[in-house]
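Observations on chain architecture
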Amino acid sequence: MMIIPRQSYCLSGIVTLYFFFLVSLFLHTLASPLLQFCGHGQRDALLEFKHELPVNKSNSSPSLSSWNKTSDCCFWEGVKCDAKSGKVISLDLSFTSLNNSLKPNSGLFKLHHLRYLSLVGCNLYGEIPSSLGNLSHLTHLDLSDNDLVGEVMALVGNLTQLRYLSLSNNKLSGNIPVSFANLTKLSHLYISGNQFTCVDFPLILENLTSLSVLNIANNHFESTLPRDMSRFHNLEYFDEGGNSFSGPFPTSLFMIPSLTWVTLSGNQFKGPIEFSNTSSSSKLQSLYLSQNKFYGPIPKSISKFPNLESLYLSGNNFTGSISTFIPKLVNMVMLDLSHNDFTGPIPRSNLVKLEFLDLSDNKLEGEIPGWLAGVSTLMLSRNSFNSFAKSFEVSDLSYIEWLGLSSNSFRGPLPSWICKLRPLDLLDLSNNSFNGSIPQCFKNTLVGLRELSLRNNDFSGIIPSEIFANATKLALVDVSGNKLEGKLPESLINCESLQLLNVKGNRFKDKFPSWLSSMTSLHVLILRSNKFYGPVYDPHVSIGFQSLKVIDISHNDFTGTLPPFYFWTWREMTISSEEDGSMYMGDPGFGDFYRLSMEMVNKGVDTKFDLIRKDFRAIDFSGNNIFGEIPKSIGLLRELHLLNLSGNAFASNIPQSLTKLTKLEALDLSRNQLSGQIPPDLGSLSFLSTMNFSHNNFEGPIPKGTQFQRQNCSAFMDNPKLYGLEDICGQTHVLNPKPQETEDLLEPEEQQVISWIAAAIAYGPGVFCGFVIGHIFFTHKHDWFMEMFPRSNPRRSAR
């Protein structure tokens with residue numbers, strides 16, 4: 001047996017200990033980046049920033065709930081530290097609702113080692129403090145989508161390490177500081193959606209040649225672009241739309257081979273466009289030149305962009321034939337040439353990738369070629385197209401989703417292929433000369449359809465009763481201005497998404513469609529100028545028009561009375577709804593492209609509403625035979641802007657509740673049988689600018705007040721017992737008008753009655769009777785006289 005010396009055991013122990021030491025050191029080295037150990041100064045600065053926030057935000061925000069002294073701040077939500085020093089180098093609180101302003105002495109600005117700071121969408125407000133300039137190590141700064149105001153301080157120019165800067169969608173204003181020119185490393189600059197102005201902006205841009213993304217859209221810039229834009233050789237994305245830049249077309253911009261997106265829309269550029277010296281390796285995919293003052297033909301050089309997919313040229317003064325350039329746009333997906341002066345026919349082409357084509361508002365003519373049947377959005381309105389090529393009629397039409405053909409020269413019956421359009425979202429055939437009846441097969445087209453406009457054509461006959469049976473998505477139905485007759489199809493009740501129904505100016509003969517009152521999305525109902533008849537109120541229908549905002553049933557044959565509670569359930573006219581915050585009525589699926597429109601009398605004038613504001617409320621019951629008292633519940637409709645009850649037979653006093661309509665702008669009660677005094681409190685309605693009380697039996701003084709004094713004298717005429725019109729009419733109002741004045745006030749029918757009677761009594765002994773009758777008439781016994789000698793045809797209000 002061999003004996004191992006003691007020294008060997010000792011050496012072996014030393015080796016073992018050394019091995020364990022190396023392993024421990026290795027494991028510590030691996031673990032050290034995770035430990036980091038945030039310094040107390042860094043932690044305290046972050047906690048100080050947290051404590052600056054409103055109590056409810058600093059304690060309840062999920063992003064800040066981990067911020068406390070019991071844990072390492074390097075592991076807090078949104079915080080990152082340097083692996084070696086433990087300094088905070090990144091703070092990302094994007095979309096955390098901070099609801100606060102940035103304080104000049106904020107703990108945030110004590111984090112001097114920050115390289116990345118994102119406070120996008122944090123509900124920040126107030127000005128950007130100059131202390132931000134202390135964070136000189138920042139390479140990424142994003143303060144977009146807040147409510148920051150004021151000017152951007154010059155000290156931002158101290159952030160010379162910045163590569164990414166976004167201040168978009170705030171309320172910042174003033175000039176861009178010249179110190180921005182110091183940000184020479186900047187590759188991404190987003191300042192869109194503010195109110196910046198700067199005459200030296202081209203000078204500032206001259207130094208920012210490292211930019212790959214420049215978005216300065218929707219501000220108030222009024223300068224010109226740098227003369228040589230080709231210096232920005234790294235530029236890929238350039239958007240300056242929605243400003244007031246001027247000057248000629250920036251040809252040098254398109255010499256940059258890396259450029260993929262250019263937006264110059266909504267400016268004041270002027271002149272022809274040209275793409276000379278364009279790089280053969282151009283990567284340009286999207287070009288937006290809409291809403292400028294460009295003119296002339298589209299140059300053939302546009303074919304130098306082989307990758308071009310989106311081209312928007314609308315709202316300029318381009319001329320010439322589209323045949324010269326459309327066939328060359330072989331990769332085009334989106335093409336908008338609307339609102340120009342292009343002429344001629346649509347050329348034959350093979351743009352197989354095209355999905356969106358808008359040629360509306362030009363001077364194009366001829367037939368619609370077959371290749372357009374493969375375009376999903378096809379807008380050809382306001383041209384002079386008159387027919388469809390046979391190749392279009394036999395094509396597969398299942399690709400078309402939007403079809404706008406309004407205001408062209410189409411005529412004749414609806415083409416048979418119209419029933420093959422499925423699935424379709426929008427169909428606008430308005431303002432043409434289509435005629436004949438609406439076919440039964442049209443029921444198939446309405447499946448899935450959301451917008452249908454057939455207005456101002458020559459359609460006649462009866463609408464098939466079941467045509468709307470499966471039209472559950474229809475939001476708009478406009479068949480106004482035709483010769484349709486019969487009853488309103490009750491299958492409309494299936495249109496559960498219906499927002500607007502307009503059948504104005506047809507020959508419908510039916511009772512009031514009370515059954516529509518249960519439709520929860522119906523906002524606009526227009527039955528004007530038809531032959532509807534009978535009472536408006538149906539005691540068997542308990543639910544009123546809860547969602548209705550606009551109703552026009554004028555110039556029909558409605559009759560009957562309205563009970564005092566008639567308007568109780570008209571909820572949308574009683575209170576403002578949340579959706580009133582958005583601007584216009586329409587289907588949100590169409591964005592700003594298609595909005596609800598209508599025509600109705602507004603302040604005495606037949607007005608076209610190309611857009612209907614969501615906060616607009618109106619009632620027009622004029623030109624019918626409705627009688628009895630005006631319902632007292634009218635005072636509940638606090639959101640009402642327009643009320644027209646003229647040309648009916650309403651009697652008794654104006655309800656006092658009418659004075660509660662504080663948003664009322666126009667009131668017409670003329671040509672009724674109303675009596676009593678005009679409520680003085682109507683003068684306190686500050687928005688009420690137009691009133692008409694003429695041809696009634698009102699008495700007493702004209703109320704004082706600015707609102708009444710601004711009215712035309714005719715607004716009070718033919719109310720013999722009214723007085724106090726001196727200031728309005730500019731002359732003394734005579735209570736007992738002279739015979740000639742009285743005769744001038746008579747309506748034609750009454751004059752005919754008097755003339756006939758005068759002729760009948762103009763003989764011998766009848767002379768005496770004539771004097772007696774004249775005395776009766778001219779001493780204000782006219783009403784009694786008309787009762788004793790009624791007209792054979794009862795007077796109807798003027799339509």
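What comes next is a walk through the structure.

Here we come to unusual backbone geometry. Note that the residue after R422, namely P423, is joined by a cis bond; omega there is -10°. Tracing the sequence through the fold places P423 in the loop between β27 (411-412) and β28 (426-428). The backbone of N99 shows a phi angle near 50°, a positive value even though the residue is not glycine. Mapped onto the secondary structure, N99 falls in the loop between β2 (88-92) and β3 (116-118). In the Ramachandran plot, S529 falls in the positive-phi region, its phi being about 55° despite a non-glycine side chain. Relative to the elements of secondary structure, S529 occurs in the loop between β36 (524-526) and β37 (533-535). By relative accessible area, S529 is classed as partly exposed at 29%.

Now for the pattern of salt bridges. This model, assessed by the stated rule, comprises 13 salt bridges. When the shortest N-O distance is used, the salt bridge between R450 and D425 registers 3.6 Å. Of the two residues, R450 sits in the loop between α6 (442-445) and β30 (451-453) while D425 sits in the loop between β27 and β28, which places them 25 residues apart along the sequence. Taken individually, R450 and D425 each receive the classification buried, so the pair is uniform in this respect. For the salt bridge of E629 with K632, the shortest nitrogen-to-oxygen distance reads 3.7 Å. The exposed category is assigned to K632, whose relative accessible area is 53%.

This paragraph deals with the packing of aromatic side chains. Evaluation of the coordinates by the stated rule reveals 37 aromatic pairs. Here F434 and F459 contribute two aromatic rings whose centre-to-centre distance is 6.4 Å and whose plane-to-plane angle is 10°, an arrangement assigned as stacked. Separated by 25 residues along the polypeptide, F434 in strand β29 (residues 433-436) and F459 in strand β31 (residues 458-462) bring together distant segments of the chain. Judged by its relative accessible area of 1%, F459 is buried.

Here the focus is a nonpolar patch on the surface. Taken together, F565, W568 and L636 make up a surface patch of nonpolar side chains, about 320 Å² in accessible area. Inspection of the secondary structure puts L636 in the loop between β43 (625-628) and β44 (642-644). The exposure class of L636 is partly exposed, given its relative accessible area of 34%.

Attention now moves to the sheet that holds strand β4 (residues 125-127). Pairing is parallel in the open sheet, where four strands are placed in the order β4-β6-β8-β10. The open sheet has two edge strands with one neighbour each: β4 and β10 (195-196). As paired elements, β4 and strand β6 (residues 147-150) share three bridges and run parallel to each other. From the neighbouring strand, G126 faces β6, where its bridge partner is L148.

So, how was this worked out
Residues numbered from 1 in each chain as written. Predicted model: local features only at pLDDT ≥ 70, side-chain atom pairs only at ≥ 80, totals over all residues. Heavy atoms only, no water. Helix = DSSP H or I, 4+ residues; strand = E, 2+ residues; numbered from the N terminus. Buried < 20%, exposed > 50% of the residue type's maximum accessible area, 1.4 Å probe, protein only. Salt bridge = Lys/Arg side-chain N within 4 Å of Asp/Glu carboxyl O. Phe/Tyr/Trp six-rings, centres within 6.5 Å; stacked < 30°, edge-to-face > 60°. Patch = residues over 30% accessible without salt bridge, like charges linked within 9 Å, V, L, I, M, F, W, Y side chains within 5 Å. Areas by Shrake-Rupley, 256 points an atom, 1.4 Å probe, with all protein chains shown as cover. Pairing = 2+ DSSP bridges.

In short, the description is geometric, and any link to function would need to be established separately.
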